[in-house]
Amino acid sequence: TKPVTTAFIRKKKETGIPVTMITAYDYPTAKLVEEAGVDMILVGDSLGMVVLGYDSTIPVTMEDMIHHTKAVTRAAKRALVVADLPFLSYHGTVEEAVKNAGRLMQEGLAKAVKMEGGNEIVPIVIRCVQAGIPVVGHIGLTPQAVHQLGGYKVQGRDLQAAKRLLSDAFALQEAGVFALVLEAVPEEVTAQIASKLSIPVIGIGAGVHCDGQVLVFHDLVGYASQLTPRFVKRYTDIGEQIRSAVASYVQEVEARAFPAPEHVFHATEETIQQLYG
Ligand code: KIV
Ligand code: NA
């Protein structure tokens, strides 16, 4: 199986077959989601919430992102691994932004990076692309700006906001992003953006008229994720399975039902005789 490339992702838009993307933050999860056949794995800064227990993505550092990206890229053979640039890692100088994006590739071995923002990040996107760093854009609800936005709310509902999204989307495409994530955007607005752009629009809470979908792994499988926004579909409740498996373990250990004979090693006859006289 050939590894997924950015060209393959772009091309998928022409064929009309949606791009599939899901987050992963560690080796076993990356292995499982890859075996399930996803095109792209996102090492999202959502890891701050779903694996590190923070209540936003703001505390996530470059070191956190590199650490988790390394684990994911060790497992991913086919899927294209995209890593998020965390809060404030691309808001200083353009040089600093390019350096941080480069670290996700050079140290984390990601094949692309994702950054939140529209027109205002165009100079950074241009420089990254010039440096050979493929970039995914992310507009609409941008969680790193949660305190600016006043909460995790749908974006682009009124005409002015919808037009701003359209303008941001065009600017990012022009700057060279190979795909664009739209988060929590009304489907009518998403459909318009997706039909006007030549790059794939990957939605999360953005309706079905996208060129692809992305979800947070922990939300999709019900793995102790606290936030369940309306746009999440929980395909299974792995949390309940884990809880009940561990509860059985606790109960069996306390009842001395585990370990059972088949889990136990034995000394040689001779050793036993001498030990017990
Ligand atoms: O960090 C993340 O998981 C994301 C997706 C929700 C798009 O950015
Ligand atoms: Na993110």
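Rules behind the numbers
Residues numbered from 1 in each chain as written. Chains lettered and ligands numbered in written order. Predicted model: local features only at pLDDT ≥ 70, side-chain atom pairs only at ≥ 80, totals over all residues. UniProt positions renumbered as here; feature names shortened; annotations may be inferred. pLDDT = per-residue confidence, 0-100. Helix = DSSP H or I, 4+ residues; strand = E, 2+ residues; numbered from the N terminus. Buried ≥ 20, exposed ≤ 12 C-beta atoms within 10 Å, placed from the backbone. Contact = placed C-beta atoms within 7 Å.

An unreviewed UniProt entry annotates the protein as 3-methyl-2-oxobutanoate hydroxymethyltransferase originating from Brevibacillus panacihumi W25. In its Subunit (unreviewed entry) section, UniProt records this for the protein: "Homodecamer; pentamer of dimers." The UniProt entry for the protein carries this comment under Pathway (unreviewed entry): "Cofactor biosynthesis; (R)-pantothenate biosynthesis; (R)-pantoate from 3-methyl-2-oxobutanoate: step 1/2."

### What to know about the confidence of the model for the protein
Mean pLDDT over the protein stands at 97; residues scoring 70 or higher make up 100%. With pTM at 0.96, the complex prediction returns an ipTM value of 0.99.

### Section: the UniProt feature "binding site: Mg(2+)" (unreviewed entry) in the protein
Under the UniProt annotation, "binding site: Mg(2+)" (unreviewed entry) lies at Asp45, Asp84 and Glu116. These annotated residues cover 72 residues of sequence, and their C-alpha atoms lie no more than 10.9 Å from one another, placing them together at a single site. Summarising the element assignment, Asp45 is placed in the loop between strand E2 (40–43) and helix H3 (47–50). For Asp45, a count of 30 C-beta atoms within 10 Å gives the class buried. If near-sequence neighbours (up to four positions away) are discounted, Asp45 is found in contact with Thr57, Val60, Met65, Asp84 and Pro86. Tracing the backbone shows Glu116 in strand E4 (residues 112–116). You can call Glu116 buried: it has 23 C-beta atoms within 10 Å. Discounting residues that sit within four places of it in the chain, Glu116 has contacts with His138, Thr142, Gln144 and Ala145.

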